[in-house]
Amino acid sequence: MNSREKHDRMANAIRFLSMDAVQKANSGHPGLPMGAADVATVLFRRFMKHDPKQPDWADRDRFVLSAGHGSMLLYSLLHLLGYEGMDIDQIKDFRQLGSKTAGHPEYGHAPGIETTTGPLGQGLANAVGMALAERIQNARFGDDLVDHHTYCLVGDGCLMEGISQEAIALAGHLKLNKLIVLFDDNNITIDGPVSLSDSTDQLARFAASGWKSLSVDGHDPDAIETAIEAARGSDSPTLIACKTTIGFGAPTRAGTSKAHGSPLGDEEIAGARKALGWDSEPFVVPSDILDCWRLAGLGSTKQRKEWESRLAAADSELRGEFERCMRGDLPAGFDAAIDAYKQKLAIDKPTVATRKASEMALEVVNAALGETIGGSADLTGSNNTKTSQTEPVSAGDYSGRYVNYGIREHGMAAIMNGMALHGGIIPYSGTFLVFSDYCRPAMRLSSLMGLRVIYVMTHDSIGLGEDGPTHQPVEQVAALRAIPNHQVFRPADAMETAECWQVALQSRNTPSTIALTRQGLPAIRTEADGENRCAHGAYELSAEDSDAEVTIFATGSEVEIALEAQSQLRRGGHSTRVVSVPCVDLFDKQSEDYRAAVIGTSTVKVAIEAGIRQGWDRIIGSDGIFIGMEGFGASGPYKELYQHFGITAEAAVAAVEAKLQATS
């Protein structure tokens, strides 16, 4: 069997596993795996540095299938290469409940799946994050421990999505030369030819963004190999546009949208078997071809063992720090550093905006943790995300710890996901809370994948003032709370802000949003005990007794209002408790006994938050009083806005007294 014949048969193994799995499931996308099989075969046979027996090897190359609908390409590769758990039964159970072979690749389902993809363009931005993380870690730990490539397979849809431009522009600007994007250039989308909706010259677009751009025949293995070799020697990231035929080998559907997103049918598959000379039964790979693939899977074993030897020979302190970061453990002294900082806050009692309090907390965090990488979407001075330890990352100098993402919120969020997925880094970055809407698709994927990504969202309410309703979040906090496995913190002062940062950093499998004020807030917690009270999500801040007539729940800047309302109600003879609720999501996870004790049995329950009511009824009940927003904000000084919208202690007191009178 000559080299070209071997390549063709290895690529056909991908094609037929893919079309057979889609046919059996009666669901899926056979076209991409069939069209991109030659590209994938060259990449994994000749270039990918990975080890199926040690799939979490830190210095492995990363492969991201951004065009996640073509998931059978990845599943076929993992099976053929010998990844544990991806046996032929998993291929047969494609898209079935409980299988590892979900409709789109899902991070954590099986070794070798580096990220969850499907929403187009997200994987490309993840790959940029992985490549950036590799360069940052390389600058910190050296070539001996960190020196690998990131490969990403994209389709036309990935490149049409706006996030792609955000991601590739930053990658080009930072000259992430170990990033190689393989474009499955088949000119087909679901609706038909790409020409129906797009006429972009993708090669020119990438070149204009600072990339090396190459074009090859995606069915010529030698041309593909030559292009990848050239890309690996580039001083910039590289796009290789691989001209392919979608559904390659299908006698009537190849090159058409009919090959994209539905089973080919028994007759078409039989025709493909004849056309490509594949006479094996469904889900059967000839033993000689399977052996070739398994040998390809073992191709990097020697490199992995050499890397392990270098790791063992490294300076013990450097090795220990590298291994700790890759495990995701926080350093031993972190909690003590936070406790000491809280003691200082108890003495200083600062009156500051919580965005400033966050910067103060980050000064402590970034001194204790070398793996935190900060950033902002061109709002550094407003988000307060930069500290004395975080010099900028720049092209050619990746030793910094701060990424200037530019005005690219969506790309920023997805790039942070990629950094977290790479491992060894805890990314955080900032924008205005209202622009979480730009970040939301990537934030949802942070939650779905269970990533420790921290979103610093400042200017969190009408309290930002004069910028007006376009910039004033109203529904955003409730909307983010609606995402499963996503912690939304809204601290009330510097003490709570420090505690929220501590919880966010300790949450290894949950992303966090920290919503912070523009306006200054007084210290409401003036004693530092050893307990992180924010970790409970809600706690009794001020009370006369547990049987108070009134309980007021509040978050962030409205806790100050709640305390003033409490004072007025007490003067009026009404016993009143105040409960601070820095994180509704964490409070929901507490024991029934704890929740019942904090919610209490007061006759009147009130929630005060400068946002919408949605989500509060499970705490205050449908008959509870809500002091907040019912529509959009307005432009004006923030104190006047609070008066205008009735988010005041006086409004809360009046509503409580009216209800008490009505029920007496």
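Residues numbered from 1 in each chain as written. Predicted model: local features only at pLDDT ≥ 70, side-chain atom pairs only at ≥ 80, totals over all residues. Heavy atoms only, no water.

Considerations on the pattern of salt bridges
Then comes step 1: The final tally for this structure, using the stated rule, is 29 salt bridges.
Then comes step 2: Between Asp 59 and Lys 49 there is a salt bridge, with its nearest N and O atoms 3.0 Å apart. Highlighted residues: Asp 59 in the loop between α2 (31-46) and β1 (62-65) and Lys 49 in the loop between α2 and β1, separated in sequence by 10 residues.
Then comes step 3: Since its relative accessible area comes to 11%, Lys 49 is described here as buried.
Then comes step 4: Within the structure, one salt-bridge network assembled from shared partners comprises Arg 140, Glu 321, Arg 324 and Glu 371. (Salt bridge = Lys/Arg side-chain N within 4 Å of Asp/Glu carboxyl O. Helix = DSSP H or I, 4+ residues; strand = E, 2+ residues; numbered from the N terminus. Buried < 20%, exposed > 50% of the residue type's maximum accessible area, 1.4 Å probe, protein only.)

Observations concerning unusual backbone geometry
Then comes step 1: Here Asn 187, not a glycine, exhibits a phi torsion of approximately 60 degrees, which is positive.
Then comes step 2: In this structure, Asn 187 sits in the loop between β3 (179-185) and β4 (188-189).
Then comes step 3: One non-glycine residue, Asp 378, adopts positive backbone phi at about 65 degrees.
Then comes step 4: With respect to the element layout, Asp 378 can be found in the loop between β9 (372-376) and α16 (380-383).

Here's the deal with the layout of surface pockets
Then comes step 1: Estimates place the volume of the largest pocket at around 860 Å³.
Then comes step 2: Lining the largest pocket are 38 residues, with Tyr 107, Met 326, Leu 421, His 422 and Gly 423 positioned closest to its centre.
Then comes step 3: If you list the elements that add at least two residues to the lining of the largest pocket, you get α12 (301-313), α13 (316-327) and α17 (409-422).
Then comes step 4: The element contributing the most residues to the lining of the largest pocket is α13, with five residues.
Then comes step 5: Considering only residue class, the lining of the largest pocket consists of 17 nonpolar, nine polar and 12 charged.
Then comes step 6: Of the volumes computed, that of the second largest pocket is approximately 340 Å³.
Then comes step 7: Glu 560, Ile 561, Lys 639, Tyr 642 and Ile 647 are the residues nearest the centre of the second largest pocket, which is lined by 16 residues in total.
Then comes step 8: Elements represented by at least two residues in the lining of the second largest pocket include exactly β15 (520-521), α21 (558-571), α25 (638-644) and α26 (649-663).
Then comes step 9: For the lining of the second largest pocket, the residue count by class is six nonpolar, six polar and four charged. (1 Å grid on protein atoms, 1.4 Å probe; cavity = no way out; pocket = protein on both sides within 12 Å on 5 of 7 lines; lining within 4 Å. Points joined across faces, edges and corners; volume = space filled by probe spheres on them. Nonpolar A, V, L, I, M, F, W, Y, C, P; charged D, E, K, R; others polar.)

Focus: empty space enclosed by the protein
Then comes step 1: Tallying each qualifying case throughout the model produces five cavities of 30 Å³ or more.
Then comes step 2: As for the largest cavity, its lining consists of Phe 44, Met 48, His 50, Pro 55, Arg 60, Asp 61, Arg 62, Phe 63, Leu 78, Tyr 83, Gly 112 and Glu 114.
Then comes step 3: When its residues are assigned to classes, the lining of the largest cavity shows six nonpolar, two polar and four charged.
Then comes step 4: Lining the second largest cavity we find Leu 433, Asp 460, Pro 473, Val 474, Gln 476, Val 477, Ala 478, Arg 490, Glu 609, Ala 610, Gly 611 and Ile 612.
Then comes step 5: Classifying every residue of the lining of the second largest cavity gives seven nonpolar, two polar and three charged.

Some details on the sheet that holds strand β10 (residues 402-404)
Then comes step 1: With respect to topology, six strands assemble into an open sheet ordered β10-β9-β11-β12-β14-β13, the strand pairing being parallel. Of all the strands in the sheet, just β10 and β13 (487-489) have a single pairing partner and so form its edges. Pairwise comparison of adjacent strand axes, ignoring direction, gives a mean angle of 20 degrees for this sheet.
Then comes step 2: With three bridges connecting them, β9 and β10 associate as parallel partners. (Pairing = 2+ DSSP bridges. Axes fitted to C-alpha atoms, helices over the stretch in contact; angles between N-to-C directions.)

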